[in-house]
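Overview (structure and organization)
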Amino acid sequence: MRLFPIAAALTLAACGTAQSTQYFVLPDSQYIRPAAHSNEIAVKVNLAEPLANGGLVYQTDAYHVNLAKNHLWAAPLDGALAANLSNKLNRLNPHRTFVPASRSQSSQTLKVYIEAFQGSYQGQTTISGYAQWPDGRSKPFNAVTPQQSDGYTAMLESLENGLSQVADTIVY
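- An unreviewed UniProt entry lists the protein under the name ABC-type transport auxiliary lipoprotein component domain-containing protein, from Neisseria flavescens NRL30031/H210.

See below:
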């Protein structure tokens, strides 16, 4: 009879235990400057408000998104995305040098507006928005990629695949 109160107390204590914070790094977000320097273009990423709060974002149903409190980006997402996209664009277009805006002195800026960058209850990730080139051209993108398994690591792998699609869409 004495074991029941102890078991109940331990169960309640486990419920109150704070979950430890985990930090995530966006793949390919360490900028690598190409050897050739030509026609430098700064890459500036602008995030929709929910994406700028530091936590990973997951859509839980057709109407709600969850902003993670214990699953956070290790670095500001806008800077990590600028580095990631700069790396990808440099591999796709050797005639220009793309540099994250924070590291560039160029007056030419590729502005990338990201409205969605999230996992979904449907087993896929979504990256949507548009890119505004220095010459005024605008290129919308909407990359939806399947998530291969559950969890935040699988979500990041899927988002990385989506970013490759985004780079393919916006480069010219």
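**Description of the overall build of the protein**
- In terms of regular secondary structure, the protein is built from three helices and eight strands.
- Walking the protein from its N terminus toward its C terminus, one meets helices and strands in the order α-β-β-β-β-α-β-β-β-β-α.
- Burial status across the protein gives 38% buried among its 172 residues.
- Nonlocal contacts in the protein, meaning residues at least 24 apart in sequence, comprise 67% of its contacts between residues at least 6 apart.
- Carbon together with sulfur atoms contributes 54% to the accessible area of the protein, which is approximately 9800 Å² in total.

**A closer look at the packing of aromatic side chains**
- Throughout the structure, instances matching the rule amount to five aromatic pairs.
- Where F98 meets W133, the ring centres are 5.9 Å apart and the plane angle is 75°; that geometry is what we call edge-to-face. Placement of the pair is F98 in strand β5 (residues 97-100) and W133 in the loop between β7 (124-132) and β8 (138-146), with a sequence separation of 35 residues. The two residues F98 and W133 agree in class, both being buried.
- Taken together, F98, W133 and Y172 form an aromatic cluster joined through their ring pairs.
- Directly above the aromatic system of Y172 lies the positively charged group of R96, at a separation of 5.2 Å from the ring centroid.

**A look at the packing of helix α2 (residues 77-92) against helix α3 (residues 152-170)**
- Axis separation between α2 and α3 bottoms out at 9 Å; the angle between their running directions is 55°. With respect to α3, the axis of α2 lies oblique. For the pair α2 and α3, the sense of crossing is right-handed. Within the contact between the two elements, α2 uses L81, N84, L85, K88, L89 and L92 and α3 uses E160, L163, S164, V166, A167, D168 and I170.
- In the contact of α2 with α3, the residues fall into eight nonpolar, two polar and three charged.

**Considering the pairing of strand β4 (residues 65-73)**
- Note that strand β1 (residues 22-24) and β4 share three bridges and pair parallel. Across the sheet, the residue bridging to Y23 is L72, located in β4.
- In this structure, strand β3 (residues 55-59) lies alongside β4, joined through four bridges in antiparallel fashion. Its bridge partner being in β4, V57 is matched across the sheet by L67.

**Things to note about the nonpolar core**
- In this structure, L110, V112 and F117 are the most contacted members of the largest nonpolar core, which totals 35 residues.
- Ranked by the residues each element gives to this core, the list is headed by α3, at seven residues.

**Digging into the environment of R96**
- Following the sequence through the fold, R96 ends up in the loop between α2 and β5.
- Take R96: its relative accessible area is 22%, and that puts it in the partly exposed class.
- Between the C-alpha atoms of R96 and N39, which are 57 residues apart in sequence, the distance is 4.9 Å.
- Contacts of R96, omitting those with residues within four sequence positions, involve S38, N39, I41, N90, W133 and Y172.
- A polar contact is formed between the side chain of R96 and the backbone oxygen of Y172, at a distance of 3.2 Å.

**With respect to the side chain of N87**
- With respect to the secondary-structure elements, N87 resides in helix α2.
- For N87, a relative accessible area of 2% gives the class buried.
- With residues up to four places along the chain from it excluded, the contact list for N87 reads D28, Q30, Y31 and I32.

What counts, and where the lines are drawn
- Residues numbered from 1 in each chain as written.
- Predicted model: local features only at pLDDT ≥ 70, side-chain atom pairs only at ≥ 80, totals over all residues.
- Heavy atoms only, no water.
- Helix = DSSP H or I, 4+ residues; strand = E, 2+ residues; numbered from the N terminus.
- Buried < 20%, exposed > 50% of the residue type's maximum accessible area, 1.4 Å probe, protein only.
- Contact = heavy atoms within 4.5 Å.
- Areas by Shrake-Rupley, 256 points an atom, 1.4 Å probe, with all protein chains shown as cover.
- Phe/Tyr/Trp six-rings, centres within 6.5 Å; stacked < 30°, edge-to-face > 60°.
- Lys NZ or Arg CZ within 6 Å of the ring centre and 35° of its normal.
- Axes fitted to C-alpha atoms, helices over the stretch in contact; angles between N-to-C directions.
- Parallel < 35°, antiparallel > 145°, perpendicular 65-115°, else oblique.
- Left-handed = near helix turned anticlockwise from the far one by under 90°.
- Nonpolar A, V, L, I, M, F, W, Y, C, P; charged D, E, K, R; others polar.
- Pairing = 2+ DSSP bridges.
- Core = buried A, V, L, I, M, F, W, Y, C linked by side-chain atoms within 4.5 Å.
- Polar contact = N/O pair within 3.5 Å; in protein donor to acceptor, adjacent residues only side chain to side chain.

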